[in-house]
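Next come the chains, spelled out residue by residue.
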Amino acid sequence: MSELAGLFAPQCVAVVGATERKGSVGRAVVRNLLADFEGDVVPVNPRFDRLFDRDCHESVAGTGADLAVVAVPAETVLDVVEEAGEAGIRNVVVISAGFGEAGPEGSDREERLVEIAERYDLNLVGPNCVGVISTPSGLNATFGPQNALPGSISFMSQSGAYITAVLDWAADRNLGFKDIVSLGNKAVLDESDFVAAWGEDPDTDVVLGYLEGISDGRRFIDVAREVTAETPVLAIKSGRTEAGATAAASHTGAIAGSEEAYDAGLDQAGVIRVDTGEELFEFGQMLAGQPLPEGEGVAVVTNAGGPGVMATDAIGDAEAELASLEAETKSRLAELLPDAASARNPVDVIGDAGADRFAAALEAVLEDPNVGAAVVIACPTATLAFESLADTIASVTDDHDLPVATCLMGGESTEAAAATLADLGLPTYFDPARAVRSLDTLFEYREIRNRTYESPESFDVDREAAREILETVQDRSDNRLGVEAMDLLEAYGIPTPEGRIVDSPRAARETAAAIDGDVVMKIVSPDILHKTDIGGVEVGVADEDVADIYEALVTRARNYQSDARILGVQVQEMVDLDAGVETIAGTNRDPQFGPLLLFGLGGVFVEVFEDTATRVAPVSEREAIGMIDAIDSAPLLRGARGRTPVDEAAVVEAIQRLSQLVTDFPAIVELDINPLVATPDGVAAVDLRLTVDPHKL
């Protein structure tokens, strides 16, 4: 049983701040509990002897409650929670506001609330929340206007107002819930705790969440991965337009903003991200009430050609595909349907069809081995009674363990039929495209459920050498490193071309002479990020020209920025770009998820094309391969247009080694390897820049 079971199934609830004053939170919470809760309700308020025709307690300590709901002014909350902890009450819901959301004084109060909760090992929800609901026991410990209908969906929300709106909306659609939690400020319990608890709950079939942020992204990924192997989790993450830091110091920082981190993190967690509230609950209802598809194809049965085409288009945009009906199925449909009907998919039973004809067609397609799911679309006609159709669909689907979505394309005439189907866990829609998208969620979750996760590989690296290089920022006026830190990559086994940084024309000549063939020369300055833009890179320099090019590069840098710090010039072995592909591998550090890896098409156009994939580090070999698969330019790596394929295994290993580097050193805030040149013979990190937080070394 989950550690949070007592929060949702208490025997006795104490409401601290209970009152009969109209319009008060304390009154609303008590009345909601008295209306439906099967256990005892104890009002707590030192100013009254009796409330709601029952004894009122002066303190929570003497109530014998196993759940305390706190609705008192913020300045008295800490004393109440401490009393609850001393009395052995482990489950506390703090509805009161005036904490982290209320400025420095509130933040200090919230820190002390967390200290108390940790001291007494409390399961604390909130503060600044609407409360909690659990329908099996009738628990409605909220100040919302109504309770939830019973069901198998558990729902958490960072917005309390959204919960009250959802309950009103869901009641009109016969949508039920198991548990509902208003997360509030998430001072103690957060989304990971509830995902874990509901994953262990046999009465929760689907977990839904409205999230404005995730407290600990890495923990959330680890928890949700385990849960989604058995229980689907869907979430809205609001704030899509906050694109992350706009003044990022690297390509990776500019491309991989916070939204990319959430997309990557939720995907790696197995959480299905949706865009709207309607999708959240429609998809959730589908997952809660329908089996997963076995085959890949979707069959459409309709009495209207136009909506059938709409459904077909929607399937074309989905992960699923339009089922190719077997010849035997088509022959059977031809015998069952009028000559004017279509025995092909979509199956058009034509406008004069009654419920019996729909039933015969649906039965036929569900028995086709190529069909994994079906959409039934019915427009109102004089020959069709929606109530009879609902009974027919219920009967047919009861005989087949396949998901079916029903479009009842009408208004008031569809309500009774929709209610009948909803009671049986069969969702209905008006729009065929929405029905298809809901079905497609079943295919998506099936893929998630079939995933296998593997641990990231740990390579033999030189951590001490890497640390020494990173610590050089402590002696500098800023926290950026460039190609002078190339040995950092070597320490972690990421190959780099032969070369070194020199501070004189003579040293440049000596270095070039030790390298076979022509060389590449680059200005090295922490103040000049885009070297090619100022002529700070020269490719194919012969030995006899090295000294002159050295002087030219320094002069260009001075002309571009007279006060730029010039560390020298890098003289580097040439990498055959014609035989390879320029990629980028990098990372930036997300506040919620930690190190976010990026891989994609590199070179000077990386920010133009933005053909990249992101994952939260550390990544396994399978996830690194998935990053390559996810970019549009993957065919360039694999021999498109007659090119020789690059050494993809070397690219995968480089991604994994970079993943280990940024996981080992949280001080690395941003890092770019651009380009990481992939060739048939391996990879070479040609250029590097990174930002380091010296306080985390």
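Residues numbered from 1 in each chain as written. Predicted model: local features only at pLDDT ≥ 70, side-chain atom pairs only at ≥ 80, totals over all residues. Heavy atoms only, no water.

Before going further, it helps to examine the state of the cysteines. Covalent bonding between the sulfur atoms of two cysteines is what defines a disulfide. Per the stated rule, a full pass over the model turns up zero disulfides. Cysteine 12 provides the cysteine sulfur closest to cysteine 56, a residue in no disulfide bond, and the two sulfurs are 13 Å apart. Given the relative accessible area of 11%, cysteine 56 is considered buried. Note on cysteine 379: no disulfide assigned, nearest cysteine sulfur contributed by cysteine 407 at a separation of 8.9 Å. (Disulfide = S-S within 2.5 Å. Buried < 20%, exposed > 50% of the residue type's maximum accessible area, 1.4 Å probe, protein only.)

One way to put it is that helix α19 (residues 505-513) packs onto helix α20 (residues 546-560) with a least axis distance of 8 Å and a crossing angle of 130 degrees. Considering their axes alone, α19 and α20 lie oblique with respect to each other. The crossing of α19 and α20 is right-handed. Along its contact with α19, which presents Pro505, Ala508, Arg509 and Ala512, the element α20 presents Val546, Ala547, Tyr550 and Glu551. Grouping the amino acids of the contact of α19 with α20 by side-chain chemistry returns six nonpolar, no polar and two charged. (Axes fitted to C-alpha atoms, helices over the stretch in contact; angles between N-to-C directions. Helix = DSSP H or I, 4+ residues; strand = E, 2+ residues; numbered from the N terminus. Parallel < 35°, antiparallel > 145°, perpendicular 65-115°, else oblique. Left-handed = near helix turned anticlockwise from the far one by under 90°. Contact = heavy atoms within 4.5 Å. Nonpolar A, V, L, I, M, F, W, Y, C, P; charged D, E, K, R; others polar.)

Next up on the list: the confidence of the model for the protein chain. For the protein chain, per-residue confidence averages 93 on the pLDDT scale, and residues scoring 70 or more make up 97% of the total. Taken together, the stretch residues 242-257 has pLDDT below 50 and engages in 46 contacts with residues farther than four places along the chain or on a different chain. (pLDDT = per-residue confidence, 0-100.)

We now examine the pairing of strand β5 (residues 67-70). Of the two faces of β5, the one holding Leu67 and Val69 and the one holding Ala68 and Val70 are both buried throughout. As paired strands, strand β1 (residues 12-16) and β5 are joined by four bridges and run parallel to one another. Bridged to valine 13 within β5 is leucine 67. Between β5 and its parallel partner strand β6 (residues 91-94), the chain crosses via helix α3 (residues 74-86), and the hand of that crossover is right-handed. (Pairing = 2+ DSSP bridges. Right-handed = clockwise from strand over helix to strand, strands pointing away.)

A word on the environment of alanine 148. One can find alanine 148 in the loop between β9 (139-142) and β10 (149-150). Between the C-alpha atoms of alanine 148 and valine 651, which are 503 residues apart in sequence, the distance is 52 Å. Residues in contact with alanine 148, not counting those within four places in the same chain, are Ile133, Thr135, Leu167, Phe177 and Ile180.

Within the structure shown, the criterion is met by 39 salt bridges. For glutamate 259, the salt bridge identified is with arginine 273, shortest N-O distance 2.6 Å. With glutamate 259 in helix α9 (residues 258-269) and arginine 273 in strand β16 (residues 272-274), this residue pair connects regions lying 14 residues apart in the sequence. Considered together, glutamate 259 and arginine 273 belong to a single accessibility category, that of buried residues. Across the pair aspartate 629 and arginine 638 runs a salt bridge whose closest N-O atoms are separated by 2.5 Å. A single network of salt bridges, built from pairs that share partners, joins Lys237, Glu259, Asp263 and Arg273. (Salt bridge = Lys/Arg side-chain N within 4 Å of Asp/Glu carboxyl O.)

Residues of α19 that are buried include every one of Ala507, Ala508, Thr511 and Ala512, and no others. Buried residues of α19 fall within an arc of 135 degrees about the axis and therefore sit on the same side. For α19, the exposed residues set more than 90 degrees away from the buried face come down to Arg506 and Ala513. Close packing links the buried residues of α19 with β24 (499-502), β25 (519-524), α20 and β27 (568-573). (Arc of directions from axis to C-beta.)

What follows is about the sheet that holds β24. With antiparallel pairing, four strands are arranged side by side in an open sheet as β24-β27-β25-β26. Edge positions in the sheet fall to β24 and β26 (537-541), since each has one partner strand and no second. Neighbour-to-neighbour, the strand axes of this sheet turn through a mean angle of 20 degrees, independent of strand direction. For β24 and β27, the ladder comprises four bridges, and the chain directions are antiparallel.

Further remarks concern the side chain of threonine 142. With respect to the helices, strands and loops of the structure, threonine 142 is situated in strand β9. Judged by relative accessible area, threonine 142 falls into the buried class, the value being 3%. Looking at threonine 142, its side chain comes within polar contact range of the side chain of asparagine 140, at 2.7 Å. Leaving out residues up to four positions away in the same chain, threonine 142 has contacts with Ala28, Val29, Asn32, Val130, Gly131, Val132 and Ile133. (Polar contact = N/O pair within 3.5 Å; in protein donor to acceptor, adjacent residues only side chain to side chain.)

Pairing is mixed in the open sheet, where seven strands are placed in the order β9-β8-β13-β11-β14-β15-β16. In the strand order of this sheet, the two ends are held by β9 and β16, each with one partner. Strand-to-strand, the axes of this sheet are offset by a mean angle of 15 degrees, without reference to chain direction. Of the pairings in the sheet, the one linking strand β11 (residues 153-157) to strand β14 (residues 206-211) comprises five bridges and is parallel in character. Looking at β14, one finds that methionine 156 is bridged to glycine 209. Contacts from α9 reach β15 (233-237) and β16 within the one sheet, and its direction differs from that of β16 by about 140 degrees.

With that out of the way, let us pick up the side chain of glutamate 191. On the secondary structure map, glutamate 191 appears in helix α6 (residues 191-199). Side-chain polar atoms of glutamate 191 contact the backbone nitrogen of serine 215, separated by 2.8 Å. Glutamate 191 has contacts with Met156, Leu183, Lys186, Leu211, Gly213, Ile214, Ser215, Asp216 and Phe220, leaving out every residue within four places of it along the chain.

Our focus in this paragraph is helix α2 (residues 25-36). End to end, α2 covers 17 Å across 12 residues, agreeing with the expected 16 Å (1.5 Å per residue, within 8%). In this structure, the buried residues of α2 make contact with β1, β2 (40-44), β5 and β9. (Expected span 1.5 Å × (residues − 1).)

On to the packing of aromatic side chains, then. Under the definition given, this model contains 11 aromatic pairs. Between tyrosine 492 and phenylalanine 665 the ring centres are 6.3 Å apart and the planes differ by 70 degrees, which places this aromatic pair in the edge-to-face class. One end of the pair, tyrosine 492, is in the loop between α18 (487-491) and β24; the other, phenylalanine 665, is in the loop between α24 (648-664) and β31 (668-679), with 173 residues separating them in the sequence. When its relative accessible area of 0% is taken as the criterion, tyrosine 492 is described as buried. Feature note: the residues Phe155, Tyr162, Trp169, Phe177, Tyr210 and Phe281 constitute an aromatic cluster, connected by ring pairs. The lysine or arginine in question, arginine 109, covers the ring of phenylalanine 99, its NZ or CZ lying 5.9 Å from the ring centre. For lysine 237, the ring lying beneath its charged end belongs to tyrosine 262, and the centroid distance is 4.5 Å. (Phe/Tyr/Trp six-rings, centres within 6.5 Å; stacked < 30°, edge-to-face > 60°. Lys NZ or Arg CZ within 6 Å of the ring centre and 35° of its normal.)

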